[in-house]
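One letter stands for each residue in the lines below.
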Amino acid sequence: QVQLVESGGGLVQAGGSLRLSCASSGRTFSSYAMGWFRQAPGKEREFVVAISGNGGYTSYTGSVKGRFTISRDNAKNTVYLQMNSLKPEDTAVYYCAASRMSSIVSVTTFQARYDYWGQGTQVTVSS
């Protein structure tokens, strides 16, 4: 069983930055691809970004490319999401998720492939 706990959300003005963290309780953290998803009010949850188990491969949704950066520290069992140049449309609950992969270089953008989810952290960007 893997438990994920997100932190770092909050209220920020447009153009500002936030750094989200997601700490995992699992002992085999590097065997999991990690992803960030978000759900805005009245909308379905959507993929944002993912990173492979070894941190060498990433995948970003188009709307955040160049503004968001995912990284991980396997020694600390933690994945990070640095969000810069935030826009009001980035307002959402952000969820961290873990996907057990057969390869440490694999990533997935599909929600159904993720086995464990955090409780979410609210990010609000004011205009």
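This section reports on the structure supplied with the text. (Residues numbered from 1 in each chain as written. Predicted model: local features only at pLDDT ≥ 70, side-chain atom pairs only at ≥ 80, totals over all residues. Heavy atoms only, no water.)

Right, let's talk about the overall build of the protein for a bit. Assigned secondary structure in the protein consists of zero helices and eleven strands. Start at the N end of the protein and walk to the C end: the helices and strands fall as β-β-β-β-β-β-β-β-β-β-β. Against the 2.2 N^0.38 benchmark of 14 Å for 127 residues, the protein shows a C-alpha radius of gyration of 13 Å, consistent with a compact globule. Its C-alpha atoms give the protein principal-axis dimensions of roughly 40 × 25 × 25 Å. Taken over 127 residues, the protein has a buried fraction of 45%. For the protein, the share of sequence-separated contacts (at least 6 apart) that also reach a separation of at least 24 residues comes to 61%. As presented, the protein carries roughly 6300 Å² of accessible surface, and 46% of it is formed by carbon and sulfur atoms. (Helix = DSSP H or I, 4+ residues; strand = E, 2+ residues; numbered from the N terminus. Rg over C-alpha atoms; globule rule 2.2 N^0.38 Å. Buried < 20%, exposed > 50% of the residue type's maximum accessible area, 1.4 Å probe, protein only. Contact = heavy atoms within 4.5 Å. Areas by Shrake-Rupley, 256 points an atom, 1.4 Å probe, with all protein chains shown as cover.)

To continue, consider the packing of aromatic side chains. In the structure shown here, the tally under the stated rule is five aromatic pairs. Between Tyr32 and Tyr116, the ring centres sit 6.1 Å apart and the planes meet at 65°, which makes this aromatic pair edge-to-face. Here the residue Tyr32 occupies a position in strand β4 (residues 32–39), and Tyr116 occupies one in strand β10 (residues 116–117), the gap between them amounting to 84 residues. You can call Tyr32 buried: its relative accessible area is 7%. Centre to centre, the rings of Phe37 and Trp117 are 4.9 Å apart; their planes meet at 50°, and the pair counts as tilted. Of the two residues, Phe37 sits in strand β4 while Trp117 sits in strand β10, which places them 80 residues apart along the sequence. Site record: aromatic cluster; members linked through ring pairs are Phe37, Phe47, Tyr114 and Trp117. Positioned above the aromatic ring of Trp117 is the side chain of Arg45, whose terminal nitrogen or guanidinium carbon lies 3.8 Å from the ring centre. (Phe/Tyr/Trp six-rings, centres within 6.5 Å; stacked < 30°, edge-to-face > 60°. Lys NZ or Arg CZ within 6 Å of the ring centre and 35° of its normal.)

Side chains that carry opposite charge are capable of pairing whenever their charged atoms lie near each other. Counted under the stated rule, the structure contains three salt bridges. One salt bridge connects Arg67 with Asp90, and the closest N-O pair in it is separated by 2.7 Å. Here Arg67 is found in the loop between β6 (58–60) and β7 (68–73), whereas its partner Asp90 is found in the loop between β8 (78–83) and β9 (92–100), with 23 residues between them in sequence. For Arg67, a relative accessible area of 10% translates into the label buried. (Salt bridge = Lys/Arg side-chain N within 4 Å of Asp/Glu carboxyl O.)

The next thing to look at is the sheet that holds β7. What the four strands build is an open sheet, ordered β1-β3-β8-β7; its pairing is antiparallel. Looking at the sheet topology across the chains shown, the edges are occupied by β1 (4–7) and β7. Each strand of the sheet is rotated relative to its neighbour by a mean of 15°, with strand direction disregarded. Pairing between β1 and strand β3 (residues 18–24): four bridges, direction antiparallel. (Pairing = 2+ DSSP bridges. Axes fitted to C-alpha atoms, helices over the stretch in contact; angles between N-to-C directions.)

A contiguous nonpolar patch, built from Tyr57, Ile104 and Val105 and spanning about 270 Å² of accessible area, is present on the exposed surface. Note on placement: Tyr57 falls in the loop between β5 (46–51) and β6. Classification of Tyr57 by relative accessible area gives partly exposed; the value is 45%. (Patch = residues over 30% accessible without salt bridge, like charges linked within 9 Å, V, L, I, M, F, W, Y side chains within 5 Å.)

So far we have only geometry, and geometry alone does not tell us how the molecule works.
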